[in-house]
Amino acid sequence: MWRVLLTDFNAKCFAEVSLTHPPVPDVPRAVREDPIVIGTLKAYPTLFKIVTPVNVDHFEEYLTDHPNQDFVKSVVRALREGFWLDADVKPAAYPDTWDEKQPAPHDESAAQFLRSQRDEEIMLNRYSESFGRDLLPGMYSMPIHVVPKPHSAKFRLVNDQSTGSSSLNSMIRPEAIKGAVLDGIPALGDSTHVSQAYRRMPVSPFWQIRQAVTIDGLRYIDRSLRIWAAFDCLAGVVYKHNYVDDDFGFAPIGNVCWYEPYQRYFPTPQARLLTLWDDLGVPHEPHKQLHGVCLPVISFDVDPNAMSVTLPDEGCARLIDTINSFCVLTPGNRCRSLTEFQAFTGYANWAFNVYPLLKPALSNIYDKMTGKSDRHAGVYINAAVIQDLQWFKSHILMSPGVHLLHANTWTPADLKPGALGDEFALTDASSHGLGIYFPWLELGFHCDLPAKAPNTTIFFFEALAVCAAIHRAGVWRKAGWFIKRLAVLSDNSNTVAVFNSLCASLPYNPILKSAVNIMLAHDIDVRIHHIAGKLNIVAVALSRGKLEFARERVPNITLIHLIPPQDAMGASP
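These numbers come from a predicted model, not from an experiment. Within every chain, residues take consecutive numbers counted from 1 along the sequence as written. Local features in a predicted model are, by the rule used here, given only for residues with pLDDT of at least 70; side-chain atom pairs are given and counted only at 80 or more, and totals for whole chains, interfaces and linings are based on all residues. Side-chain measures here rest on the full set of heavy atoms in the structure, leaving out hydrogens and waters.

## Some points on the overall build of the protein chain
Secondary structure follows DSSP: runs of H or I at least 4 residues long count as helices, runs of E at least 2 residues long count as strands, and numbering of each begins at the N terminus. Along the protein chain, the regular secondary structure elements total 18 helices and 24 strands. Burial classes: relative accessible area under 20% of the type maximum marks a residue as buried, over 50% as exposed, and values in between as partly exposed (1.4 Å probe, protein chains only). Per-residue burial over the protein chain gives 50% buried out of 573 residues. Contacts are assigned to residue pairs that have any heavy atoms within 4.5 Å of one another. Excluding contacts between residues fewer than 6 apart, the proportion of contacts in the protein chain whose partners are at least 24 apart in sequence is 75%. Total accessible area computed for the protein chain in this model is approximately 26500 Å², and 55% of it derives from carbon and sulfur atoms. For the accessible areas, the method is Shrake-Rupley and the probe is 1.4 Å, while residue cover comes only from the protein chains on display.

## A look at the pairing of strand S14 (residues 300–303)
Two faces, one strand: in a regular strand the side chains alternate between the faces of the sheet. With burial as the criterion, only one face of S14 is covered, namely that bearing Phe300 and Val302; the residues Asp301 and Asp303 on the opposite face remain uncovered. Of the strand pairs in this sheet, strand S13 (residues 295–297) and S14 are connected by 3 bridges, and their pairing is antiparallel. The residue of S14 that forms the bridge with Leu295 is Val302. Whether two strands pair depends on DSSP finding at least two bridges between them. In terms of strand pairing, S14 meets strand S15 (residues 308–310) through 3 bridges, oriented antiparallel.

## Overview of the sheet that holds strand S22 (residues 485–490)
Ordered in space as S23-S22-S19-S20-S21-S24, the 6 strands form an open sheet in which the pairing is mixed. If you trace the sheet from one side to the other, it starts and ends with strand S23 (525–530) and strand S24 (558–561), each paired once. Pairs of neighbouring strands in the sheet enclose a mean axial angle of 20°, with direction left out of account. As defined by bridge partners, S22 adjoins S23 across 6 bridges and the pair is classed as parallel. Considered in S23, the bridge of Val488 is made with Ile528. Running over the sheet, helix H15 (residues 493–501) touches S22 and S23 and is turned about 150° from S23. For helices, the fitted axis covers only the stretch in contact; all axes are lines through C-alpha atoms, and the angles between them, taken along N-to-C directions, range from 0 to 180 degrees.

## Thoughts on the confidence of the model for the protein chain
Do not read the fine detail of predicted coordinates wherever pLDDT is low. Mean pLDDT over the protein chain stands at 83; residues scoring 70 or higher make up 86%. One number per residue, pLDDT, summarises how confident the predictor is, and it ranges from 0 to 100. Confidence drops under pLDDT 50 across residues 1–12; counting only partners more than four residues distant or on other chains, this segment forms 44 contacts. The low-confidence segment residues 177–195, where pLDDT is below 50, has 69 contacts with residues more than four positions distant or belonging to other chains.

## Re unusual backbone geometry
Positive phi outside glycine occurs at Asp216, with the angle close to 55°. Here Asp216 is to be found in the loop between strand S7 (212–215) and strand S8 (218–221). Classification of Asp216 by relative accessible area gives partly exposed; the value is 43%. Positive phi is not limited to glycine here, since Gln263 has a value of about 55°. Along the chain, the position of Gln263 falls in the loop between strand S11 (256–259) and strand S12 (264–267).

## Points about the packing of aromatic side chains
Each pair of aromatic rings taken from Phe, Tyr and Trp, with Trp reduced to its six-membered ring, is defined by centres within 6.5 Å and is described as stacked if the planes are under 30 degrees apart, edge-to-face if over 60, and tilted in the remaining cases. Scanning the entire structure with this criterion turns up 18 aromatic pairs. Residues Trp476 and Trp481 carry aromatic rings whose centres are separated by 5.0 Å and whose planes lie at 35° to one another, so their mutual orientation is tilted. Through a chain of ring-to-ring contacts, the aromatic side chains of Phe438, Phe445, Trp476 and Trp481 assemble into a single cluster. Two thresholds decide whether a charge sits over a ring: the Lys NZ or Arg CZ must be within 6 Å of the ring centre and within 35 degrees of the ring normal. Note that Arg336 overlies the ring of Phe326, its terminal NZ or CZ placed 5.8 Å from the centroid. Arg485 extends its terminal NZ or CZ atom over the ring of Trp410, reaching a point 5.3 Å from the ring centre.

## Re the pattern of salt bridges
The salt bridge definition used is simple: a Lys or Arg side-chain nitrogen within 4 Å of an Asp or Glu carboxyl oxygen. The tally for this structure, following the rule as stated, stands at 19 salt bridges. A salt bridge links Glu33 to Arg29, with the shortest nitrogen-to-oxygen separation between them at 2.9 Å. The closest approach of N and O atoms between Lys90 and Asp96, which form a salt bridge, is 3.3 Å. Taken together, the salt bridges that share partners define one network made up of Glu108, Arg115, Arg118, Asp119 and Asp216.

## Details of the nonpolar core
Nonpolar side chains in soluble globular proteins tend to be buried together. Side-chain atoms within 4.5 Å are what join buried Ala, Val, Leu, Ile, Met, Phe, Trp, Tyr and Cys residues into a set we call a nonpolar core. Grouped together as the largest cluster of nonpolar side chains are 79 residues, with contacts concentrated most on Phe392, Ile470 and Phe499. Grouped together as the second largest cluster of nonpolar side chains are 49 residues, Met171, Phe206, Trp207 and Phe266 included.

## Section: the packing of helix H10 (residues 313–327) against helix H13 (residues 383–398)
Helix packing for two helices is described by the angle between their axes and how far apart those axes are. Two elements in contact, H10 and H13, have axes whose closest approach is 10 Å; the angle formed by their N-to-C orientations is 165°. In terms of orientation, H10 and H13 fall into the roughly antiparallel class. Judged by the twist between their axes, the crossing of H10 over H13 is left-handed. Across the interface between the two elements, Cys316, Leu319, Ile320, Ile323, Asn324, Phe326 and Cys327 from H10 touch Ile386, Leu389, Gln390, Phe392, Lys393, Ile396 and Leu397 from H13. Roughly parallel means an angle under 35 degrees; roughly antiparallel means over 145; roughly perpendicular covers 65 to 115; every other angle is labelled oblique. Whether a crossing is left-handed or right-handed is set by the direction in which the near helix is turned from the far one by less than a right angle, anticlockwise for left-handed and clockwise for right-handed.

## Focus: the packing of helix H14 (residues 458–478) against helix H16 (residues 509–521)
It is the contact of H14 with H16, at a shortest axis distance of 9 Å, that shows an interaxial angle of 15°. Taken together, the axis directions place H14 and H16 in an arrangement best described as roughly parallel. When you trace H14 past H16, the crossing you get is left-handed. Contacts between H14 and H16 involve Phe460, Ala463, Leu464, Cys467, Ile470, His471 and Gly474 from the first element and Ile511, Ser514, Ala515, Ile518 and Met519 from the second.

## A word on the environment of Gln102
Checked against the element boundaries, Gln102 lands in the loop between strand S1 (98–99) and helix H6 (108–123). Gln102 gets classed as partly exposed once you look at its relative accessible area, which sits at 25%. Taking the C-alpha atoms as reference, Gln102 lies 9.8 Å from Ile215; in sequence the two are 113 residues apart.

## A closer look at H14
The end-to-end C-alpha distance of H14, which contains 21 residues, comes to 31 Å, matching closely the 30 Å that a straight helix rising 1.5 Å per residue would cover. Among the 21 residues that make up H14, 17 are buried, leaving the element largely enclosed by the rest of the structure. Backbone geometry just after H14 places Gly480 at a positive phi near 100°. What a helix should span is 1.5 Å times the count of its residues minus one.

## Quick look at the side chain of Ser514
Here Ser514 lies in helix H16. Classification of Ser514 as buried rests on a relative accessible area of 1%. Other than its neighbours up to four places away in sequence, Ser514 contacts Cys467, His471, Pro565, Asp567 and Ala568.

Below, the structure written as structure tokens:
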């Protein structure tokens with residue numbers, strides 16, 4: 001079911017990113033000269049340390065001939081002095097010291113997990129020893145939460161740096177978190193995993209002071225930072241292929257070599273990468289170095305030879321159970337906490353690696369979460385949320401999973417006139433009506449604007465026209481004409497964006513769900529692209545009721561009255 005409408009077909013691998021990436025940021029001068037911060041750093045030097053297993057000298061030696069030395073030197077400096085997030089100087093309205101209060105975990109098993117994580121971090125020198133119950137001048141302490149892993153009985157730690165009026169994330173520029181894709185399904189073969197990759201990078205003491213951690217009322221300094229990509233993309237240059245903390249690649253069966261530390265044979269590229277990690281001082285664990293004809297990746301089963309990715313039956317059953325549990329309501333309790341909403345959306349977004357077309361299932365949930373910040377306050381679950389989740393569940397139950405061959409990138413230019421599986425349409429909407437034109441078929445559809453549409457904006461009708469074009473392909477599939485690839489061109493950029501993201505505000509979400517229903521039921525791979533209005537002449541004429549003009553432009557055109565899909569306008573399917 002890997003037919004996601006991609007917006008960027010040419011995402012760069014990390015090694016390529018390093019060739020043009022600007023230097024990683026350094027501590028701003030105003031922060032280095034902050035007297036309160038400097039005073040605490042000097043008075044308590046044992047709290048603030050640079051901790052990383054990376055052999056920085058070896059790392060630097062490998063990259064002496066890298067063409068982007070500004071970037072290389074900045075990463076090397078950060079490994080030695082600590083990384084700084086691309087954060088602004090603390091706003092003047094923010095306090096010098098801030099403690100964002102947090103309740104203790106209600107569940108004893110969660111509390112014990114938190115303590116065990118603290119003890120491990122102290123043992124690894126990534127947390128300082130406790131310095132008491134009070135914050136020191138210049139320190140910030142943000143909440144830490146323990147939440148269940150979405151498809152496991154285990155817990156994970158969440159550092160909540162967005163809560164409150166003086167949060168750390170509010171100091172970070174949005175552009176600092178744009179760019180590389182950090183999760184999902186990459187190109188796969190063998191899998192080489194770095195142990196605790198996101199805890200291996202040191203943070204500058206000038207940021208460590210903002211990472212005070214509070215557990216059982218005691219304070220600790222977190223010395224590490226969840227930044228791995230900058231180091232990893234340069235390590236990828238050394239090895240030539242890389243993907244964050246998991247590295248994937250192909251090797252022919254039998255192309256193996258002996259890796260002495262694990263006393264095992266590995267595919268040759270994997271063994272070479274492990275040797276590189278050893279030289280750089282990067283830790284790894286034997287049970288996570290995988291190879292074979294089928295690999296588990298973020299709880300999916302990946303077969304690189306069959307080019308298929310599927311959710312195992314157990315994972316599918318767990319996902320269905322989670323949806324059912326979220327939807328179980330009683331007359332006196334129709335609410336879930338904001339935390340439960342957030343956990344559910346995180347789980348669903350993980351599932352979208354397998355079911356990318358089902359993103360409209362979260363539209364009403366996101367609408368319910370908008371503007372809310374109290375993690376423990378109840379959020380009302382209405383009938384629209386339940387309906388969306390039932391739609392989500394029904395498609396999961398009918399879907400076999402992902403087939404990566406369907407993810408091959410193509411554009412309208414790749415379609416071939418006359419090919420049995422290829423077709424494309426042009427669409428338009430006006431204040432008069434809807435128009436759809438299939439140029440290769442010399443076939444046009446037109447109708448007046450629907451009188452009972454739930455929304456009267458032109459944007460709604462432009463999206464409805466695209467949806468109607470997709471429905472036509474579904475009708476033809478029923479008649480035995482098996483369209484595999486359909487491109488729909490619209491001169492409305494908002495419509496193109498909505499279909500490519502599969503995210504829309506509530507009035508438009510039924511249109512997306514209606515289109516997805518057809519795409520999944522009839523196995524149609526769809527691309528929505530933009531076309532300039534001046535090139536969309538026939539569809540524009542049809543939408544405006546200028547049928548004679550359309551016949552003048554296309555003498556052999558066949559015109560048919562269009563009946564827009566009723567479920568796209570909110571009617572029951």
